[in-house]
Amino acid sequence: MNRTIARRLAANAYALRIPRKAFSSQAPGNDVSSVPTCPSHEHEVKQNLKNDDKLYDVAIVGGGMVGMALACSLARMPLTKQLNVAIIDSNPALQNKLIIKKEDPPDPRVSTVTPATISLFNDVGAWEYVLQNRHAFFDKMQVWDYTGLGYTRYEARDINKEALGCVVENKVLHYALLSCMQNTEFQKTIYSSRLTSMAVHRSSSSTRADSTSSTTLHNQGNLAKLDLSDGSSLYAKLVVGSDGGKSRVRELAGFKTTGWSYPQNAIICTVEHTVENQCAWQRFLPAGPIALLPIGDKFSNIVWTMSPKEASDCNSMKEDDFIKAVNHALDYGYGPHPKSSLLGNGDIFSWLRADATSSAKESFEIPPKVVKLASARMVFPLSLKHANDYASKRVALIGDAAHTVHPLAGQGVNMGFEDAFALSKVIAEGIAVGTDIGEVSLLKKYEAERKPANIMMMAVLDGFQKAYSVDFGPLNVLRAAAFNGAHYISPLKRSIISYASGEQKLPLFY
Ligand SMILES: Cc1cc2nc3c(=O)[nH]c(=O)nc-3n(C[C@H](O)[C@H](O)[C@H](O)COP(=O)(O)OP(=O)(O)OC[C@H]3O[C@@H](n4cnc5c(N)ncnc54)[C@H](O)[C@@H]3O)c2cc1C
């Protein structure tokens, strides 16, 4: 028999022999002898763990959108659905069924999800739960700046698609992933608690990272030991940090980061119009961009970036004054409406227009007026942060724990979803060949797949943030040329749309 096939069969047998008994129903006090471990470590683990220790294949620290995407993907794949998984997060949304009343206005925390994310959600069966709730597909987008020198309109039909993206409340995305996972026989235990300390055994030496002096280092068993804020402890072959931008896992595992804070905050809220908004709008203002995103019915979501002082002022303004400020920012405020092109009619691009996209003929439009504030305003500080490594022995980072980006292009959680699905596939590959899923060589495959893609996206977003934060004559003209180029040059336009959709890996002409 072919050796690879033989290895796979042996590995599958290993995966399949994991007892179906759900640890969730018996924790605390799991049966140590039933812990699924890679055969080479099994004896060692049994020797060093007490009977009441709680043992898992994977501990997902942080059950936000990205952590739940990983759990959902693991629950759905044939090789990984046998795994025994702990999810650690004190967020009550993990315990309670979300009740979404259609008559309530949308929550201000929304995400623009790309076609690539929609396709990943479809693959694991989570998108159907999104479709049962409020969501807003959009097929048009207009981007312009306050100088009045240029604008770009994008349309889904430019790339033969039906939508450029979909705006969904974060709580709906979370609920969809949670429901999808719960409708499987996946062996998961949800700990309504927080990670406080972690000890990871690394072959010859041990790394200790405690916040409490009482934690004893688990220095012999070949597992990571996690201590939680409720006093409980658990062990896992693999710890995944999906605990957001201030990741405790990242800190405890000693991953270094690179990054900086932007001198900007984002103010977000839900607003209402008299007509339905079906387009995503973004205007670059001197202090940062303002986006008006459709979120169904007559509602839109505002993400407005500005200096921390301005954000604080806007947050405390009277409602009527805030609405006036929003309409001002989306219409005639700060500068005139753009004409059709920098040089009057765009003729300098005529040589590239033989194959013009249909949206190149679309003229500039003014967004629908905002008439009412429909939620509280929320303010977020903005930063760029990137973990220098995403993986070490027994630890991997995904989502904002690995990278935090400026929200100007709505890419942050989309990058995180791609991490989660990529990591779950690498875990499945490890199981298929009988590798310990906490092995660094396996986890580095995940890092090799996601790190270059994330760095590229971060560089593009940071470049945009910088290019559009400067009010300087020559740069304004260059920006206008970029708007016009993106509006009229078909290959460039298609390339931008495909890259932003998550369907093209590099922002290059094709
Ligand atoms: C204003 C704004 C607008 C945005 N718009 C978009 C958009 O349109 N599209 C887009 O793609 N992205 C957008 N983003 C980015 C997106 O919100 C983030 O990328 C996303 O929320 C990250 O998800 P996450 O699950 O990685 O982390 P988080 O959402 O931060 O979740 C982390 C989870 O970990 C838990 N946790 C934290 N510490 C611990 C601990 N010690 N122990 C256990 N659990 C812990 C928390 O309770 C939380 O549930 C936006 C961001 C901002 C600020």
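Residues numbered from 1 in each chain as written. Predicted model: local features only at pLDDT ≥ 70, side-chain atom pairs only at ≥ 80, totals over all residues.

### Quick look at the overall build of the chain
Line of reasoning, step 1. Helix and strand content of the chain: 13 helices and 21 strands.
Line of reasoning, step 2. Counting over 510 residues, the chain shows a buried share of 50%.
Line of reasoning, step 3. Taking contacts inside the chain between residues at least 6 apart in sequence as the whole, the part at least 24 apart equals 77%. (Helix = DSSP H or I, 4+ residues; strand = E, 2+ residues; numbered from the N terminus. Buried ≥ 20, exposed ≤ 12 C-beta atoms within 10 Å, placed from the backbone. Contact = placed C-beta atoms within 7 Å.)

### Some points on the UniProt feature "transmembrane region" (unreviewed entry) in the chain
Line of reasoning, step 1. Taking the numbering used here, the UniProt-annotated feature "transmembrane region" (unreviewed entry) corresponds to residues 55–77.
Line of reasoning, step 2. Secondary structure within residues 55–77 divides into 52% helix and 30% strand; the distance between the first and last C-alpha atoms comes to 21 Å. (UniProt positions renumbered as here; feature names shortened; annotations may be inferred.)

### Some remarks on the sheet that holds strand 4 (residues 135–138)
Line of reasoning, step 1. Pairing in this open sheet of 3 strands is antiparallel, and the strands run 3-7-4 from one edge to the other. Among the strands making up the open sheet, the edge pair consists of strand 3 (110–113) and strand 4. If you compare each strand with its neighbour and ignore which way they point, the axes differ by 20° on average. (Pairing = 2+ DSSP bridges. Axes fitted to C-alpha atoms, helices over the stretch in contact; angles between N-to-C directions.)

### Describing the environment of glycine 254
Line of reasoning, step 1. One can find glycine 254 in the loop between helix 7 (248–252) and strand 13 (257–272).
Line of reasoning, step 2. Considered as a pair, glycine 254 and serine 392 are 138 residues apart in the sequence and their alpha carbons are 9.6 Å apart.

### Topic: the site of the ligand
Line of reasoning, step 1. Taken together, 31 residues form the shell around the ligand, and within it Gly62, Gly64, Gly244, Gly399 and Gly412 come nearest.
Line of reasoning, step 2. Elements supplying a minimum of two residues to the shell around the ligand: helix 3 (65–76), strand 3, strand 13 and helix 10 (412–432).
Line of reasoning, step 3. The greatest single-element share of the shell around the ligand, amounting to 4 residues, is contributed by helix 10.
Line of reasoning, step 4. A per-class count over the shell around the ligand returns 11 nonpolar, 15 polar and 5 charged.
Line of reasoning, step 5. If you count residues domain by domain, the shell around the ligand takes at least three from each of domain 1 (3–99 + 178–258 + 384–456) and domain 2 (135–168 + 262–382 + 467–500). (Near = placed C-beta within 6 Å. Nonpolar A, V, L, I, M, F, W, Y, C, P; charged D, E, K, R; others polar. Domains from an automatic or database assignment.)

### Let's talk about the environment of histidine 174
Line of reasoning, step 1. Along the polypeptide, histidine 174 turns up in helix 6 (residues 170–182).
Line of reasoning, step 2. As for histidine 174 and leucine 98, which are separated by 76 residues in sequence, their C-alpha atoms are 9.4 Å apart.
Line of reasoning, step 3. Apart from the residues within four sequence positions on either side, histidine 174 is in contact with Met65, Met68 and Ala93.

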